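# Topology and contacts: notes
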Amino acid sequence: MVFAEKFSVMSNDKIPTFHDVTERVRQIVEQSGIQTGTVTVYSHHTTCCVITQEVAFDRSMTGMETLQVDFVEMFERILPTQRREGMYLHPGPKALKFAEEHGEDARGCHNTDAHLRSALVGRSEVITIFDGEMDLGEFGHIYFIDFDQTRARKRTVDVVVLGE
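Below is a summary of the structure that appears in this document. Just so you know, the residues in each chain are numbered from 1, in the order the chain's sequence is written. Per-residue local features of the predicted model are confined to residues with pLDDT of at least 70, and side-chain atom pairs are confined, for both listing and counting, to 80 or more; whole-chain, interface and lining totals are unaffected and use all residues. Side-chain metrics rest on all non-hydrogen atoms present in the structure, leaving aside hydrogens and water.

The subject of this paragraph is the sheet that holds strand β8 (residues 153-163). Pairing between strands is defined by DSSP: at least two bridges between the two strands are required. In this text, helices come from DSSP runs of H or I with a minimum length of four residues, and strands from runs of E with a minimum of two, each type numbered from the N-terminal end. On the basis of which strands lie adjacent, the open sheet formed by five strands has the order β1-β8-β3-β5-β6 and antiparallel pairing. The outermost strands of the open sheet, each flanked by one partner alone, are β1 (2-11) and β6 (133-134). By the bridge criterion, six bridges tie strand β3 (residues 37-42) to strand β5 (residues 124-130) in an arrangement that is antiparallel. By the bridge assignment for β5, G37 is matched with I129.

Spelled out as structure tokens, the structure:
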């Protein structure tokens with residue numbers, strides 16, 4: 001049996017946004033009625049990713065969990081946030097022209113770091129289901145992360161449950 005659903009989250013424009021989607025995915029798994037199988041949580045947005053991680057409990061001054069801050073800071077060292085033109089080859093003149101023709105401003109195109117971070121982490125997670133429950137371990141949560149800091153926007157989370 002296959003059960004699929006999509007839902008939206010709203011991302012910030014100042015910092016990478018971590019959406020804890022665990023409870024919403026848990027509800028979808030319950031609605032599916034599937035007792036044994038898998039659930040895939042996926043992003044079709046190329047600057048977003050999905051991870052499973054524990055809750056850190058403590059928060060930084062930005063409101064992010066401390067483990068999330070550590071995750072972002074690790075990426076800052078290897079893939080710094082694009083703060084000026086020329087930091088990365090992308091976007092080039094053709095990409096900027098294409099964006100302008102489609103109503104996007106130049107700032108919105110300077111999100112190369114977000115694309116590279118998403119590519120490294122991956123845009124989906126597959127979680128096993130036993131006895132109708134996701135097997136996330138004792139502290140596991142599902143996070144949909146938007147690395148793009150160029151503007152706030154609505155994002156779509158795709159969930160597909162497979163099994164019996």
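We now examine the packing of aromatic side chains. Two measures describe an aromatic ring pair: the distance that separates the ring centres and the angle between the ring planes. For this analysis, a ring pair means two rings from Phe, Tyr or Trp (six-membered ring only for Trp) whose centres lie within 6.5 Å, classed as stacked if their planes differ by under 30 degrees, edge-to-face if by over 60, and tilted for the remaining angles. Applying the stated criterion to the full structure yields five aromatic pairs. Here the aromatic rings of F18 and F71 are separated by 6.1 Å at their centres, their planes lie at 75°, and the arrangement is edge-to-face. Of this pair, F18 sits in strand β2 (residues 17-20) while F71 sits in helix α2 (residues 66-78), and the two are 53 residues apart along the sequence. Burial classes follow relative accessibility: with a 1.4 Å probe on protein chains only, a residue under 20% of its type's maximum area counts as buried, one over 50% as exposed, and anything between as partly exposed. Judged by relative accessible area, F18 falls into the buried class, the value being 14%. Note on F71 and F147: the rings are 6.4 Å apart at their centroids and 20° apart in plane angle, and the pair reads as stacked. Of this pair, F71 sits in helix α2 while F147 sits in the loop between β7 (140-146) and β8, and the two are 76 residues apart along the sequence. Clustering of aromatic rings is evident, with ring pairs tying together F18, F71, F75, Y143 and F147.

As a further point, take α2. Counting along an α-helix, one turn takes 3.6 residues, and residues three or four places apart therefore face a common direction. Expected helix span is taken as 1.5 Å per residue step, with the number of steps being one fewer than the number of residues. For α2, which comprises 13 residues, the first-to-last C-alpha distance of 19 Å matches the rise-based estimate of 18 Å (1.5 Å per residue) to within 8%. Turning to α2, its buried residues are Q68, V72, F75 and E76. Buried residues along α2 cover an arc of 110° about the axis, so they all sit on one side. In α2, those exposed residues whose orientation departs by more than 90 degrees from the buried face are R77 and I78. Contact criterion: two residues are considered in contact whenever any of their non-hydrogen atoms come within 4.5 Å of each other. Where the residues of α2 are buried, they touch β2, α5 (112-121) and β7. In this description, the arc belongs to the directions extending from the helix axis to the C-beta atoms.

This paragraph deals with a nonpolar patch on the surface. On the surface, V2, V160 and L162 cluster together into a nonpolar patch covering about 230 Å² of accessible area. Take V2: it is sitting in strand β1. Given the relative accessible area of 59%, V2 is considered exposed. Here the term patch refers to residues with relative accessible area over 30% and no salt bridge, with like charges joined within 9 Å and nonpolar side chains (Val, Leu, Ile, Met, Phe, Trp, Tyr) within 5 Å. Areas reported here follow the Shrake-Rupley algorithm with a probe of radius 1.4 Å; residue values treat only the protein chains shown as occluding. Salt bridges are defined by distance alone: a side-chain nitrogen of Lys or Arg within 4 Å of a carboxyl oxygen of Asp or Glu.

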